[in-house]
Protein chains: 2
Amino acid sequence: METTIETPARDADRTRAAILHAAQQVFAAKGFAEAGVRDITALAGVNPSLVSRYFGGKLKLFEAALDAALNTRLMTDLPKDQFGKMIVARFADEDDRVSPLPMMFSAAADSEARAIAQRLLRERVFEPLKDWFGGGDADVKAARFMMVSLGFFAYRDQLPLAEFAGRVEPRLRQWLEREFQAIVDE
Amino acid sequence: METTIETPARDADRTRAAILHAAQQVFAAKGFAEAGVRDITALAGVNPSLVSRYFGGKLKLFEAALDAALNTRLMTDLPKDQFGKMIVARFADEDDRVSPLPMMFSAAADSEARAIAQRLLRERVFEPLKDWFGGGDADVKAARFMMVSLGFFAYRDQLPLAEFAGRVEPRLRQWLEREFQAIVDE
DNA sequence: TCCTTATGTAAACACTCGTTTACTTACGTC
DNA sequence: GACGTAAGTAAACGAGTGTTTACATAAGGA
């Protein structure tokens, strides 16, 4: 006989986690509007009604998924002298995990989801970044960071043009690295 | 008596134009998804069914509205030595007219509307800009322009943070001007 | 003047989607 | 081992939306 790990057929915590995990995948892939509750629950292998029971609705589920995605990593742990290279590497290469910024983007079209994305963006990205930059121009630096980041993701994911769809052109990557580094250095 | 201009109660061209005009307003204000056909036709003062009759559906109407918005002005007519200042002025100050880029943004969440926005963005903005920049790095320059522009609108309109909502902070504006000018100069 | 056609309207249709309700079933406890 | 509660499912509900259909009416020529 094998070492039987306790895996009961019915486990609220487990299914709740499964829904949350599936939600991150589907929201990131299809965006808030086009990601249906039925899509998410089908991926999780459960009934659509459980979204309302465990999370209180699609909107709350989105908030939880976005919150969870934001917990995976922070950018204020990067070395300041290598900020440019490392942030671009993170943005461009780590496409395996669920990245929060593209998720926030997709929410922008929905007024309710946008409000949630705004709040989380401010509390969990903008403000920490501002404190990390420091100095009198910290707010402008944080704003510059947001603009370049959002511009990158908008260009790559939301409205990809034929030339650079999917990959990141080397010269464009170099420019991005200089751009992000300049925010820290100036 | 007054100079009676011919204003027949029923004029197909006139109502068609009224729908198109209203569509530009509503699409720009609420985005593709949240702008309902009933919203648009109510503003135009006509029946919702006329959208399908005159344009072939909401999606085609969106395409026509975006196309019309793109016809209002081009950016390749700006003097190259003043490109930075003037493009920022156009983006930041001319909020009275319907600007196409924010409209394109809102379409990104809908897969069908996104395809239209992508094509128009490439044909009417990206390619002309590439030719205008010229040189071996023209494609990279055009991409940089797109990233900064989309980043600006994303930050200002789609996910506005409390600090700079609505207005454009002077130091941020200065940075944007330098950024756009650098694309032309480098 | 009458009649055809284009123009516009009202209402219903068809479909999607998030959510709720009623019911079934497995788990833990006495 | 029976029972009560939690976990899960199936199906229907209700609201919203783009579109189509059936009908009304103004315009303009024969």
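Nothing here was measured: the structure is a model prediction, and the numbers come from that model. (Residues numbered from 1 in each chain as written. Chains lettered and ligands numbered in written order. Predicted model: local features only at pLDDT ≥ 70, side-chain atom pairs only at ≥ 80, totals over all residues. Heavy atoms only, no water.)

Enquirer: Outline the protein's contact with DNA strand D, listing residues and values.
Expert: Neighbouring residues of DNA strand D: 22 residues in total, closest R10(A), N47(A), Y54(A), R10(B) and K58(B). Taken together, the sugar and phosphate atoms account for 52% of what DNA strand D places within 4 Å of the protein. Counting only elements with at least two residues in the surface near DNA strand D, the list comes to helix 1 (12-34) and helix 3 (49-55) of chain A together with helix 2 (37-44) and helix 3 (49-55) of chain B. Grouping the amino acids of the surface near DNA strand D by side-chain chemistry returns seven nonpolar, eight polar and seven charged. (Near = heavy atom within 4 Å. Helix = DSSP H or I, 4+ residues; strand = E, 2+ residues; numbered from the N terminus. Nonpolar A, V, L, I, M, F, W, Y, C, P; charged D, E, K, R; others polar.)

Enquirer: Which residues make up the interface of chain B and chain A, and what values do they have?
Expert: Every contact between the two is made by 43 residues of chain B and, on the other side, 43 residues of chain A. Of the roughly 3,900 Å² buried between chain B and chain A on both sides combined, carbon and sulfur atoms contribute 69%. Of all residues in chain B, M147(B), L159(B) and W175(B) give up the largest surface area on contact with chain A, accounting jointly for 19% of the area buried on that side. For the pair chain B and chain A, the number of links is four salt bridges. Linking R171(A) and D139(B) is a salt bridge whose minimum nitrogen-to-oxygen distance equals 3.6 Å. Of all the secondary structure elements, the ones that give two or more residues to the side of chain B that touches chain A are helix 6 (100-107), helix 7 (111-133), helix 8 (138-158) and helix 9 (170-185) of chain B. Looking at the side of chain B that touches chain A, its residues break down into 24 nonpolar, six polar and 13 charged. (Contact = heavy atoms within 4.5 Å. Buried area = accessible area lost by both parts, 1.4 Å probe. Salt bridge = Lys/Arg side-chain N within 4 Å of Asp/Glu carboxyl O.)

Enquirer: Break down the relation of the copies chain B and chain A for me, with residues and values.
Expert: The operation relating chain B to chain A is a screw motion whose rotation component is 180°, with 0.0 Å of axial translation and a residual RMSD of 0.0 Å. With respect to symmetry, the two chain copies, as superposed, fit the operation of a two-fold axis. No C-alpha of chain B approaches the rotation axis more nearly than that of G151(B), which lies at 1.8 Å. (Least-squares fit on C-alpha atoms with pLDDT ≥ 70 in both.)

Enquirer: Tell me about the protein's contact with DNA strand C, residues and numbers included.
Expert: Around DNA strand C lies a shell of 22 residues, among which R10(A), R38(A), R10(B), N47(B) and Y54(B) are the nearest. The sugar-phosphate share of atoms of DNA strand C within 4 Å of the protein amounts to 51%. Taking K58(A), its main chain carries an N or O atom lying 2.9 Å from a phosphate oxygen of DNA strand C. Between DNA strand C and the protein, one listed contact pairs a base oxygen with a side-chain N or O atom of R10(B) at 2.5 Å. Listing elements by their share of the surface near DNA strand C, those giving two or more residues are helix 2 (37-44) and helix 3 of chain A together with helix 1 (12-34) and helix 3 of chain B. For the surface near DNA strand C, the element with the highest residue contribution is helix 3 of chain B, accounting for four residues. (Polar contact = N/O pair within 3.5 Å; in protein donor to acceptor, adjacent residues only side chain to side chain.)

Enquirer: Lay out the packing of aromatic side chains in plain terms, naming residues and giving numbers.
Expert: All told, the structure shown has 29 aromatic pairs over all chains when counted by the stated rule. Aromatic pair F83(A) and F180(A): ring centres 6.5 Å apart, planes at 85°, arrangement edge-to-face. Of the two residues, F83(A) sits in helix 5 (residues 83-93) while F180(A) sits in helix 9 (residues 170-185), which places them 97 residues apart along the sequence. Each member of the pair, F83(A) together with F180(A), is buried. A ring pair is formed by F91(B) and F152(B), whose centres lie 6.3 Å apart and whose planes are at 15°; its orientation type is stacked. Taken together, the residues F91(B) in helix 5 (residues 83-93) and F152(B) in helix 8 connect sequence positions 61 residues apart. (Phe/Tyr/Trp six-rings, centres within 6.5 Å; stacked < 30°, edge-to-face > 60°. Buried < 20%, exposed > 50% of the residue type's maximum accessible area, 1.4 Å probe, protein only.)

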